[in-house]
Amino acid sequence: MNDLLTVNGGTPLNGTITVRGAKNFVSKAMVASLLGEGPSELRNVPLIRDVEIVSGLLELHGVHVDYDAAAGILRLDPSNVESAHVADIDAHAGSSRIPILFCGPLLHRLGEAFIPDLGGCRIGDRPINYHLDILRQFGAVVDKRAQGIHLTAPHGLRGTKISLPYPSVGATEQLLLTAVRAEGITELSNAAIEPEIMDLINVLQKMGAIISVDTDRVIRIEGVERLRGFRHTALGDRIEAASWASAALATGGDITVKGATQPEMIAFLNTFRKVGGEFEVEDDGIRFFHPGGELRSIVLETDVHPGFMTDWQQPLVVALTQASGLSIVHETVYENRFGFTDALRGMGANIQVYKECLGGRPCRFGQRNFYHSAVISGATPLEAAEIEVPDLRGGFSHLIAALAAKGTSKVRGIGLIDRGYEAFTDKLAALGADFSRD
Ligand SMILES: CC(=O)N[C@H]1[C@@H](OP(=O)(O)OP(=O)(O)OC[C@H]2O[C@@H](n3ccc(=O)[nH]c3=O)[C@H](O)[C@@H]2O)O[C@H](CO)[C@@H](O)[C@@H]1O
Ligand SMILES: C=C(OP(=O)(O)O)C(=O)O
């Protein structure tokens, strides 16, 4: 599939689309299947690049993977993992961060693991120090190699007590996937509690795990000897839903997103309304629309759940270029997530980035030379341009900008968008967008 989208912008996006399972959950549930002694079935699975990458990694480890894309059903059978010969794994990491989550399950099953260097969006340093510290505390021996890391568990894996310096999503998942079959009790303080993590806990409990989540965000796990397969329907992708909602605002449109669910999007919905968007929660989705009139500037700070999610930020910034007045966005999760605004400035947006913590409380990145605050002055008409997609959410933001801009834009590198947005060009067509994929 070619990587260039030619977009004739200036037309409101109107219509109905369907969003399936959450990219940031489905890949973790797939890894969890490695922990089960029997086959697992995951439903509502979207056909996205991240699912293909993780499927390839699982097959490399001997898991039989069968995916019915139309039905969205993924069947995983880990019976042959022990006999698999793993070759050239580093070629399979692709653009994903998921390989790091294979550590615990492979150490439990095989007593060792080799994890290739990680991919994922280039939106900051994205260290894995918390992950490695957690694995060492369980008793793993971590050996950094040229193309990745090699781990062994010479004395098995034993439960431990850990407090995260920052509520990292991946590190919380790392601990969950290791603790459920470790010997004894594990306690994690300052855990991340994103909806995708809670759904992973649902899956692990179905497999036979014993997990509790306290109101103070302390997660406790009692390790068990054996886990079985699971059958589970993935929660919807709240990030994709919010991305289409931002597209409705930026283009003056009206988009009904089937599969969007209110409880997981409360912080986004409040912000959407404060900017001047309107929404209607239906039984099977949410209708997002621009009611006409001016959009309003806001002060926004991204945070861990239940705050405004960092992955919602980039598409919304495009809508804020169409809001009257000065908006301030303080990105507190990643130190370098405003690179995508370069292209928006080239289209006429008035966006200035700052090293200071603007508009909210001081964060980890203040006084450390990171441009992690942005001031957006609007409303500014966007003009068509030639754009190179920098990362997943930045790429979708560039798409929204091209759709909002009058004239013909060329968006290159759109294959990156396939990583997390299922059949997005089909959805654009269903919403009346005027484009061609070359
Ligand atoms: C595949 C997937 O699920 N990706 C999501 C996951 O990424 P991911 O799991 O990588 O995000 P984390 O929550 O771990 O990272 C957030 C921040 O934690 C810090 N950190 C994290 C790990 C570590 O070992 N050391 C460390 O310092 C870094 O400052 C990093 O910027 O959660 C993010 C935050 O909701 C989302 O933006 C990503 O879409
Ligand atoms: C940052 C993201 O994904 P990943 O962690 O896979 O790079 C995202 O989904 O916005």
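Residues numbered from 1 in each chain as written. Chains lettered and ligands numbered in written order. Predicted model: local features only at pLDDT ≥ 70, side-chain atom pairs only at ≥ 80, totals over all residues. Heavy atoms only, no water.

Per an unreviewed UniProt entry, the recorded name for the protein chain is UDP-N-acetylglucosamine 1-carboxyvinyltransferase, and the organism is Flavimobilis soli. Comment text from UniProt for the protein chain, heading Catalytic activity (unreviewed entry), reads "phosphoenolpyruvate + UDP-N-acetyl-alpha-D-glucosamine = UDP-N-acetyl-3-O-(1-carboxyvinyl)-alpha-D-glucosamine + phosphate". (UniProt positions renumbered as here; feature names shortened; annotations may be inferred.)

Visitor: Account for the overall build of the protein chain, naming residues and giving values.
Guide: Looking only at helices and strands, the protein chain features 12 helices and 24 strands. For a compact globule of 438 residues, the expected C-alpha radius of gyration is about 22 Å, and the protein chain comes in at 22 Å, within 12% of that figure. If you line up the protein chain on its principal axes, its C-alpha atoms span 65 × 45 × 45 Å. For the protein chain, the accessible area works out to roughly 16600 Å², and carbon and sulfur atoms hold 48% of it. (Helix = DSSP H or I, 4+ residues; strand = E, 2+ residues; numbered from the N terminus. Rg over C-alpha atoms; globule rule 2.2 N^0.38 Å. Areas by Shrake-Rupley, 256 points an atom, 1.4 Å probe, with all protein chains shown as cover.)

Visitor: Describe in detail the site of ligand 1, supporting the description with residues and values.
Guide: The local shell around ligand 1 holds 22 residues, among which Lys28, Asn129, Ser168, Asp311 and Arg364 are the closest. Lysine 28 is positioned with one of its side-chain polar atoms (N or O) 2.7 Å from an oxygen atom of ligand 1. In this structure, proline 127 approaches ligand 1 through a main-chain N or O atom, which is 3.2 Å from an oxygen atom. Out of a free accessible area of 730 Å², ligand 1 has 90% covered by protein chains. Taking a 2 Å distance to the grid points as the criterion, the majority of the atoms of ligand 1 fall inside the largest pocket. Broken down by secondary-structure element, the contributors of at least two residues to the shell around ligand 1 are helix H1 (23-32), helix H4 (129-138), helix H5 (169-179) and helix H9 (310-320). Its residues assigned to classes, the shell around ligand 1 comprises nine nonpolar, six polar and seven charged. The residue makeup of the shell around ligand 1 includes at least three contributed by each of domain 1 (4-19 + 236-437) and domain 2 (23-233). (Near = heavy atom within 4 Å. Polar contact = N/O pair within 3.5 Å; in protein donor to acceptor, adjacent residues only side chain to side chain. 1 Å grid on protein atoms, 1.4 Å probe; cavity = no way out; pocket = protein on both sides within 12 Å on 5 of 7 lines; lining within 4 Å. Sits in = over half its atoms within 2 Å of the grid points. Nonpolar A, V, L, I, M, F, W, Y, C, P; charged D, E, K, R; others polar. Domains from an automatic or database assignment.)

Visitor: An account of the packing of helix H7 (residues 238-251) against helix H8 (residues 266-275) is needed here, citing residue identities and associated values.
Guide: Where H7 meets H8, the closest approach of the two axes is 12 Å, and the angle between their N-to-C directions is 5 degrees. In terms of axis orientation, H7 runs roughly parallel to H8. Contacts from Ala242, Ala245, Ser246 and Leu249 in H7 reach Phe268, Phe272 and Val275 in H8. Its residues assigned to classes, the contact of H7 with H8 shows six nonpolar, one polar and no charged. (Axes fitted to C-alpha atoms, helices over the stretch in contact; angles between N-to-C directions. Parallel < 35°, antiparallel > 145°, perpendicular 65-115°, else oblique. Contact = heavy atoms within 4.5 Å.)

Visitor: Run through the site of ligand 2, naming residues and quoting values.
Guide: The immediate surroundings of ligand 2 are formed by Lys23, Asn24, Arg97, Gly120, Cys121, Ile123, Arg126, Asp311, Arg337, Leu392, Arg393 and Arg419. In the model, an oxygen atom of ligand 2 is placed 2.9 Å from a nitrogen or oxygen of the lysine 23 side chain. A distance of 3.2 Å separates an oxygen atom of ligand 2 from a polar side-chain atom of aspartate 311. For ligand 2, whose free accessible area comes to 290 Å², the fraction covered by protein is 93%. Taken atom by atom, the bulk of ligand 2 overlaps the largest pocket. Secondary-structure elements contributing two or more residues to the shell around ligand 2 are H1 and helix H11 (392-404).

Visitor: An account of the domain arrangement of the protein chain is requested, with residue identities and associated values reported.
Guide: Partitioning the protein chain into domains gives domain 1 (4-19 + 236-437) and domain 2 (23-233). Relative placement of domain 1 and domain 2: their C-alpha centres are 30 Å apart. Each partner contributes to the interface: domain 1 provides 23 residues, whereas domain 2 provides 21 residues. Summed over both partners, the interface of domain 1 with domain 2 buries about 2100 Å², with 52% contributed by carbon and sulfur atoms. The interface formed by domain 1 and domain 2 contains two salt bridges. Between arginine 419 and aspartate 50 there is a salt bridge, with the nearest N and O atoms lying 2.9 Å from each other. Listing elements by their share of the side of domain 1 that touches domain 2, those giving two or more residues are H7 and H11. Class assignment of the residues belonging to the side of domain 1 that touches domain 2 gives a composition of seven nonpolar, four polar and 12 charged. (Buried area = accessible area lost by both parts, 1.4 Å probe. Salt bridge = Lys/Arg side-chain N within 4 Å of Asp/Glu carboxyl O.)

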